[in-house]
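Observations on the three-dimensional arrangement
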Amino acid sequence: MNTILIKNKASIEKMRTAGHILARIMNTMSQHISPGVSTAELDQIFEQKMRAGGLNPECKGYGTYKNATCISVNDVVVHGIPSKEIILKSGDYVKIDVVGSYKGYCADMARGFFVGEINPTAARLASVAQRALDSAIKKIAPGVRLSDISACIQQEVENAGFGVVRYFAGHGIGKSMHEAPDFPNYGKPGQGPILREGMTFAIEPMITERSYDIHILADGWTAKTVDGGLAAHVEDTVVVTKNGAEILTRIENSQESKTL
């Protein structure tokens, strides 16, 4: 039940295709994000582009969830439900989290966007979250313990004075959006499974301006900071390679996004 699945080349190629399509779509979203736009509009745009690109929106129909994306604004950490009632305003910090599958294999990613005038605290929070993610991915290699990656994220975030969310974690990914193992963003090094070539993970630092405590709203999905502080979330799907890791949800040439 808790076995970490090793993916073959064909499976990884499908995940790579899914990840690259998601990345190209995500690269276009800044042109749609502006004051006065609702998060429901952004969700509809993303879903249309996913389907046009040959991806199935895996979040839609996951449990009771009815949207293609999760869109979390300001103090919402993750799982914000897109809504016509949530209208973006200048200074907002928006995180889009999405899972798409191609021929049955998934990729999962999240990115943050600034609306109008940039909130300096949000900018610093976003920068630290990105740095934590990048540092963690650089540590991935066969033979490394999973908790070495978790500890790297925690150290990067807490050294910057921010909090690391404990309630949620990254995860394995493949045919299912969530596979074994859980991949926490905190912990002591030298523990947990040993990484092997062909393992695939969604690594996703979720960090907070102040307290890392969160609460879930009555809708059963939306997770907010308890103290109203800002939260950042960034995520990539990666595969462990012979010498390190390949990021499946990034593309070198962002100009490809113009075709979507």
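Residues numbered from 1 in each chain as written. Predicted model: local features only at pLDDT ≥ 70, side-chain atom pairs only at ≥ 80, totals over all residues. Heavy atoms only, no water.

**Digging into the overall build of the protein**
To keep it simple, the criterion reads: Helical segments are the DSSP runs of H or I of at least four residues, strand segments are the runs of E of at least two, and each set is numbered from the N terminus. When we talk radius of gyration, it's over C-alpha atoms, and the globule rule is simply 2.2 Å times the number of residues to the 0.38. Burial classification: accessible surface area is computed with a 1.4 Å probe over protein chains only, and a residue below 20% of its type maximum counts as buried, one above 50% as exposed, and the rest as partly exposed. Contacts are residue-level and defined by heavy atoms, with any inter-residue pair within 4.5 Å sufficient. Each accessible area value is a Shrake-Rupley result obtained with a 1.4 Å probe; residue values ignore everything except the protein chains displayed when judging cover. A residue counts as positive if it is Lys or Arg and as negative if it is Asp or Glu; His and the chain ends are not included. Taken as the charge location is NZ of Lys, CZ of Arg, CG of Asp or CD of Glu.
When helices and strands are counted, the protein shows four helices and 15 strands. Relative to the globule expectation of 18 Å for 260 residues, the C-alpha radius of gyration of the protein, 17 Å, shows essentially globular dimensions. Across the 260 residues in the protein, those meeting the buried criterion constitute 52%. Here the contacts in the protein between residues at least 6 apart in sequence split such that 70% fall between residues at least 24 apart. On the protein, roughly 11,400 Å² of surface is accessible, and the fraction owed to carbon and sulfur atoms is 49%. Charge centroids of the protein, computed over 28 positive and 28 negative side chains, lie 5 Å from each other.

**Overview of the packing of aromatic side chains**
Rule in force here: Pairing of aromatic rings covers Phe, Tyr and the six-membered ring of Trp, with a centre-to-centre limit of 6.5 Å; geometry is then stacked below 30 degrees between planes, edge-to-face above 60, and tilted otherwise. Note on geometry: a ring has a charge over it if NZ (lysine) or CZ (arginine) is within 6 Å of the ring centre and within 35 degrees of the ring normal.
Within this structure, the stated rule accounts for four aromatic pairs. Measuring from ring centre to ring centre gives 4.9 Å for Y167 and F168, while their planes differ by 85 degrees; the resulting arrangement is edge-to-face. Between F183 and F201, the aromatic rings sit 5.2 Å apart at their centres with planes inclined by 70 degrees, giving edge-to-face as the arrangement. Of this pair, F183 sits in strand β8 (residues 179-183) while F201 sits in strand β9 (residues 200-203), and the two are 18 residues apart along the sequence. A relative accessible area of 1% places F183 in the buried class. Take F201: its relative accessible area is 0%, and that puts it in the buried class. Directly above the aromatic system of Y186 lies the positively charged group of R166, at a separation of 4.7 Å from the ring centroid. The ring of Y212 carries the charged tip of R166 above its face, separated from the ring centre by 4.1 Å.

**A look at the sheet that holds strand β13 (residues 231-233)**
Note the cut-off: For two strands to be treated as a pair, DSSP must find at least two bridges joining them.
The three strands are arranged β6-β10-β13 in an open sheet whose pairing can be described as antiparallel. On the outer flanks of this sheet lie β6 (163-164) and β13, each paired with one strand and no other. Where β6 and strand β10 (residues 206-208) come together, two bridges link them in antiparallel fashion. Bridge pairing in β10 places G163 opposite T208.

**Section: the sheet that holds strand β14 (residues 236-240)**
Heads up, the rule is: Axis angles are defined between N-to-C directions and span 0 to 180 degrees, where every axis is a line fitted to C-alpha atoms and, for a helix, only to the segment in contact.
Taken in spatial order, the five strands of this open sheet run β8-β7-β9-β14-β15, and their pairing is antiparallel. For this open sheet the edge positions go to β8 and β15 (245-247), each flanked by a neighbour on one side alone. Shown here is a sheet whose adjacent strand axes are inclined to one another by a mean of 25 degrees, direction ignored. Examined bridge by bridge, β14 and β15 share three bridges and lie antiparallel to one another. Looking at β15, one finds that V238 is bridged to I247. Lying on the sheet, helix α3 (residues 120-139) is in contact with β9, β14 and β15; it crosses β14 at an angle near 10 degrees.

**With respect to the pairing of β9**
Side chains of β9 alternate between two faces, with T200 and A202 and F201 and I203 buried alike. Pairing geometry for strand β7 (residues 170-172) and β9, over two bridges, is antiparallel. Paired with H171 across the two strands is A202, which belongs to β9.

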